[in-house]
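Structural overview
Now for the letters of each chain:
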Amino acid sequence: MAWLLVVVAGILETGFAVCLKLSHGFTRLWPTIAFACFALGSFGLLTLALRKLDVGPAYAVWTGIGAAGTAVYGMLFLGDVVSTLKIVSICLVIAGVIGLQLSGSAH
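Given the structure is predicted, the values throughout are model-derived calculations rather than measurements. (Residues numbered from 1 in each chain as written. Predicted model: local features only at pLDDT ≥ 70, side-chain atom pairs only at ≥ 80, totals over all residues. Heavy atoms only, no water.)

Within the chain, the regular secondary structure consists of four helices and zero strands. Its helices and strands taken in sequence order, the chain reads α-α-α-α from the N to the C terminus. Taken over C-alpha atoms, the radius of gyration comes to 14 Å for the chain, in line with the 13 Å a tight globule of 107 residues would show. Seen through its C-alpha atoms, the chain measures out along the principal axes to roughly 40 × 35 × 15 Å. Looking at the chain as a whole, 33% of its 107 residues qualify as buried. In the chain, once contacts between residues fewer than 6 apart in sequence are set aside, the share between residues at least 24 apart is 70%. When the accessible area of the chain is evaluated, it comes to approximately 6400 Å², of which 75% is carbon and sulfur surface. (Helix = DSSP H or I, 4+ residues; strand = E, 2+ residues; numbered from the N terminus. Rg over C-alpha atoms; globule rule 2.2 N^0.38 Å. Buried < 20%, exposed > 50% of the residue type's maximum accessible area, 1.4 Å probe, protein only. Contact = heavy atoms within 4.5 Å. Areas by Shrake-Rupley, 256 points an atom, 1.4 Å probe, with all protein chains shown as cover.)

Listed below in structure tokens is the structure:
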């Protein structure tokens, strides 16, 4: 259950990173509100997960999901440049996330 919380927190991290971009430096109300909601949810779920998981693997999985998700979202919806190197790098991040999740022990 704790790993599920980390995965959902990582997805919410993608949401807060995208909303941070869309807020244009917190000058747009709705993206700013969405950023705050996603961030609170993400940090809250991560905090709950850390009650049962080692901090290193859990944090790495959380940031990996957020980074990969944000990069993919940017390429699909925000006009970010798509390149072979970027796609391979995202795949490596995902592979690392899976490896860290498999290595992470619960208390």
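A few words on unusual backbone geometry. Only a minority of non-glycine residues have a phi that is not negative, and only a minority of peptide bonds are not trans. The backbone phi angle of His24 is positive, close to 50 degrees, even though this residue is not glycine. Relative to the elements of secondary structure, His24 occurs in the loop between helix H1 (2-22) and helix H2 (29-49). His24 sits in the partly exposed class, given a relative accessible area of 44%. Even without being a glycine, Phe26 presents a positive backbone phi close to 60 degrees. Mapped onto the elements of the fold, Phe26 is located in the loop between H1 and H2.

A word on the environment of Ala34. Structurally, Ala34 is set in helix H2. Taking the relative accessible area as the measure of exposure, Ala34 reaches 22% and is therefore partly exposed. Taking C-alpha positions, Ala34 is 12 Å from Thr14, a pair spaced 20 residues apart along the chain.

Okay, the UniProt feature "transmembrane region" (unreviewed entry) in the chain next. Mapped onto this numbering, the UniProt entry gives "transmembrane region" (unreviewed entry) at residues 33-50, 57-78 and 84-102. Span residues 33-50 is 94% helix and 0% strand, its end C-alpha atoms 26 Å apart. As annotated, residues 57-78 comprises 95% helix and 0% strand, and the C-alpha atoms at either end are separated by 30 Å. (UniProt positions renumbered as here; feature names shortened; annotations may be inferred.)

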